Amino acid sequence: MITGELRSQIDKIWNDFWTGGISNPLTVIEQFTYLIFLKQLDDRQKLIDKEKTVLGKSNKKDIYNPEQNKLRWSYFKELDPEKMMEIFRVPQTDLDNLTAFDFMRTLGADGGKFSQYMRGATFMIESANLLDRVVQQIDKLPLQNRDTKGDLYEYMLSKIAEAGTNGQFRTPRHIIRMMVELMQPQQDDLICDPAMGTAGFLVSTAEYIQEKHEDWFLGKNFRDHFYGEMFNGMEIDPSMLRIASMNLQLHGIENPVLFSGSSLAERNTIASKYSLILANPPFKGALDYNEVESSLLQTTKTKKTELLFLSLILRMLTLGGRAAVIVPDGVLFGSSGAHKAIRQELVDNQQLQAVISMPSGVFKPYAGVSTAILIFTKTNSGGTDKVWYYDMKADGYSLDDKRSVIAVNDIPDIVARYKNLIGEANRTRTEQSFFVPADEIRTNGYDLSINRYKEVVYEEVAYEKPQVILEQIAQIDSERQALLNELKELL
C-alpha cells in the first residue's frame, strides 16, 4: 500500500485530469496507463542502448529506430507543452505520419502483451498544459520497483470504486485476497478469471505466490510457467482489457494469456483447461440464447449470466480443478429450473466443498445485494459428502455506504477454519461455521442458503404475570396522584 508523498503524487495526477476536463474515472485510468506504457517503452530502449554501449550489441530487438527519437518519452518530456502536444496530435511527415500515440498503438507484438490490446485506444487529452503536467509527474514516479509500481496502479484503480460510477468492476481487494488464501495456488496451476475486470484476482494470486513461495522461483520451469502461461483472463470490455493488461505488467506478469470478448460467446470453446478459477462474474445480466455457447445451456438452460458463468467455469476446469466464485444469494435458493439444475450439478456431479455467506454491505456503496462464495472441485463423478458453511458477519469494514475500517473482521477466522476442516466436524449449527450433509441438502431441494440450515438460539425472556403488571401500574398511578396533590397544595 502506498502512503505519504507517493500517494499525494497520484492524487495530484488524478486531480489534474479532473480539473483538465477528464472526469470519467475509467478514462483517467486509461490515459494514465497509455502514458506509463510510453515511459516504459523508452526505459526498455534505454536498456537496449546501454547493452549496445557496454557489450557492443544487444540480443533484444530495438523498440525505436534512431529516426523515431522524437517519439520517445525522454525526448518529448523536455519540450514545451505545445510542442509536446504536437508530437501526440500532429502526424510526423518524416516518420510515416506517426504520432507518439500512433506509434504505441501500432507497435504490435514487439511492444509486449499490452500493446496487443491497443486497437481502438483513443488519446483523450485535449489540453497541452494538462499533458505536460501529467508527463512531468509520471516521470518522477518510481516505476523501476515492481512492488511500488504495482501498489501505485492498485491505488489508481481503487479510485474507480471511490468515484462511484464504475465500482462494479472492482471486487474488494481483501475479499479477493481471502479467496486466494482459501484456494492456496499450487506450482503447476493454470489460473483463469473468465470475468477479469481489472485483473484483481490474477494480480492477487501472483502476489500470494511471490510472498508465500519465494523458493519456487529458484526453478527455471516454474519461472517460465509463472511468466508465461500461468495467468489467464477474459474480458469483454476493450478498455478494461487494456487496464487489466497494464495492471498485470506492473505487477511483474508481462506475458499473461488474455482473451478479448464475451466468455459466454459461441466462439469461446475452451474446455478442461484450467486447474484453478477465481471469479466474481457479473450479476443480474441476461443474454439471448443465441448469444450463448450451446454446451453451457445443456447444464442449465437460462439467460441469467450468474448461472451461465457457473456452467462455463465447470466446463473450463480440468478434472480435479478447483474454483472459488462469488455469486448473488439468489443462486443459492432460486426456485427456477435453471437455479435448481446448477445447484444439483454442483452437489451431485461435482464436489461442492464450501458456501461462505457474506453480508450485504460488502459491495456497498454500489450494491446492497447479499452474496456468497462457492468453493467446488470438478470431478464429473460426484463426491459431495458434506458442505462447510460459514456465516461471515464482518469483513473489517463497516457495512454502510462509508465502509470505514472497524476492528471486527471474520476473514482471518474463515481462512484458519477452512484450512483445518477436520476440527470443524463437531461444531453445532448455532455457531458461525458448521457442516451440512449432502443428503440433507438434497432433501431440501438443493437449497444452499445458510439460513435454511443455521439454527438460532433465542434467549428466553421472562415476563411478570398480567395481574402483577396491573398492580405495578396502579401503584405508579397512585404515587403520581399523590405527587400531583402535593404540587397543588404548594401552589
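Quick caveat, the model's predicted, so the values are computed rather than measured. (Residues numbered from 1 in each chain as written. Predicted model: local features only at pLDDT ≥ 70, side-chain atom pairs only at ≥ 80, totals over all residues. Heavy atoms only, no water.)

Caption draft 1: Seen up close, the overall build of the protein. Of regular secondary structure, the protein possesses 18 helices and 11 strands. A burial count over the protein gives 52% of its 491 residues as buried. Restricting to contacts in the protein with at least 6 residues of sequence separation, those with at least 24 account for 72%. Accessible surface, the protein as shown: approximately 23,500 Å² in total, 50% of it carbon and sulfur. Taking the average place of the 56 positive charges on the side chains of the protein and the average place of its 67 negative ones, the gap between the two points comes to 4 Å. (Helix = DSSP H or I, 4+ residues; strand = E, 2+ residues; numbered from the N terminus. Buried < 20%, exposed > 50% of the residue type's maximum accessible area, 1.4 Å probe, protein only. Contact = heavy atoms within 4.5 Å. Areas by Shrake-Rupley, 256 points an atom, 1.4 Å probe, with all protein chains shown as cover. Lys, Arg positive; Asp, Glu negative; His and termini not counted. Charge placed at Lys NZ, Arg CZ, Asp CG, Glu CD.)

Caption draft 2: Main features of the packing of helix α8 (residues 173-183) against helix α16 (residues 411-418). At their nearest, the axes of α8 and α16 sit 10 Å apart, and the two run at 10° to each other. As judged from the angle between their axes, α8 and α16 are roughly parallel. Viewed along their axes, α8 and α16 form a crossing whose handedness is right-handed. Contacts from His174, Ile175, Met178, Glu181 and Leu182 of α8 reach α16 at Ile411, Ile414, Val415 and Tyr418. Here the contact of α8 with α16 is built from residues that sort into seven nonpolar, one polar and one charged. (Axes fitted to C-alpha atoms, helices over the stretch in contact; angles between N-to-C directions. Parallel < 35°, antiparallel > 145°, perpendicular 65-115°, else oblique. Left-handed = near helix turned anticlockwise from the far one by under 90°. Nonpolar A, V, L, I, M, F, W, Y, C, P; charged D, E, K, R; others polar.)

Caption draft 3: How the structure looks around unusual backbone geometry. We note that Ser272 has phi near 50°; this positive angle belongs to a residue other than glycine. By the element assignment, Ser272 lies in the loop between β3 (257-260) and β4 (274-279). Despite not being glycine, Arg403 shows a phi value in the positive range, around 50°. Checked against the element boundaries, Arg403 lands in the loop between β9 (395-397) and β10 (405-409). Take Arg403: its relative accessible area is 14%, and that puts it in the buried class.

Caption draft 4: Focus on the packing of aromatic side chains. A complete count under the given rule lists 18 aromatic pairs for this structure. Judged by centre distance (5.6 Å) and plane angle (65°), the ring pair of Trp73 and Phe76 falls under edge-to-face. Of this pair, Trp73 and Phe76 are both found in helix α3 (residues 73-76), three residues apart, which corresponds to roughly one turn of the helix. Of the two residues, Trp73 and Phe76, neither departs from the other in class, the shared state being buried. Between Phe88 and Phe123 the ring centres are 5.0 Å apart and the planes differ by 20°, which places this aromatic pair in the stacked class. A residue pair is termed long-range when its members are at least 10 positions apart, and Phe88 in helix α4 (residues 81-89) and Phe123 in the loop between α5 (100-105) and α6 (128-138) qualify at 35 residues. According to the relative accessible area criterion, Phe88 is buried, its value standing at 4%. (Phe/Tyr/Trp six-rings, centres within 6.5 Å; stacked < 30°, edge-to-face > 60°.)

Caption draft 5: Seen up close, the side chain of His225. Tracing the backbone shows His225 in helix α10 (residues 220-226). A distance of 2.7 Å separates a polar atom in the side chain of His225 from the backbone oxygen of Asp189. His225 has contacts with Gln187, Asp188, Asp189, Leu190 and Met230, leaving out every residue within four places of it along the chain. (Polar contact = N/O pair within 3.5 Å; in protein donor to acceptor, adjacent residues only side chain to side chain.)

Caption draft 6: Highlighting the packing of α4 against α6. As a packed pair, α4 and α6 sit with axes 8 Å apart at the nearest point and diverge in direction by 90°. As summarised for this structure, α4 and α6 are arranged roughly perpendicular, according to the angle between their axes. On the side of α4, the interface is formed by Pro81, Glu82, Met84, Met85 and Phe88, while α6 contributes Ala128, Asn129, Leu131, Asp132, Val135 and Gln136. Within the contact of α4 with α6, the residues separate by chemical class into seven nonpolar, two polar and two charged.

Caption draft 7: Focus on a nonpolar patch on the surface. Residues Leu484, Leu487, Leu490 and Leu491 make up a contiguous nonpolar surface patch of about 470 Å² in total accessible area. The residue Leu487 is located in helix α18 (residues 466-490) in this model. With relative accessibility at 46%, the residue Leu487 sits in the partly exposed group. (Patch = residues over 30% accessible without salt bridge, like charges linked within 9 Å, V, L, I, M, F, W, Y side chains within 5 Å. Salt bridge = Lys/Arg side-chain N within 4 Å of Asp/Glu carboxyl O.)

Caption draft 8: Quick look at α8. Most of α8 sits inside the fold, with nine of its 11 residues counted as buried. Restricting attention to buried positions, one finds in α8 the residues Ile175, Ile176, Arg177, Met178, Met179, Val180, Glu181, Leu182 and Met183.

Caption draft 9: Quick peek at the nonpolar core. Counting 55 residues, the largest nonpolar core has Phe32, Leu35, Phe88 and Ile138 as its most contacted members. Of all elements in the fold, only α1 (4-19), α2 (25-55), α3, α4, α5, α6, α7 (146-163) and α11 (238-250) reach the threshold of two or more residues within this core. Sorting elements by how many residues they give to this core places α2 first, with 10 residues. Judged by nonpolar contacts, the second largest core, of 47 residues, contains Ile175, Ala354, Val362 and Met392. (Core = buried A, V, L, I, M, F, W, Y, C linked by side-chain atoms within 4.5 Å.)

Caption draft 10: The environment of Leu352, seen in detail. By the secondary structure assignment, Leu352 is in strand β6 (residues 351-358). Once residues within four sequence positions are removed from consideration, Leu352 is found in contact with Leu346, Val347, Ile375, Phe376, Thr384, Lys386, Val387 and Leu448.

Caption draft 11: How the structure looks around the pattern of salt bridges. Inspection of the entire model under this criterion finds 29 salt bridges. The salt bridge involving Glu30 is made with Arg242; its shortest N-O contact spans 2.9 Å. Within this pair, whereas Glu30 is found in helix α2, its partner Arg242 is found in helix α11, the two being separated by 212 residues in sequence. Since its relative accessible area comes to 12%, Glu30 is described here as buried. Salt-bridge contacts for Asp62 lead to Lys52; the nearest nitrogen and oxygen are separated by 2.7 Å. Separated by 10 residues along the polypeptide, Asp62 in the loop between α2 and α3 and Lys52 in helix α2 bring together distant segments of the chain. The class for Asp62 is partly exposed, based on a relative accessible area of 32%.

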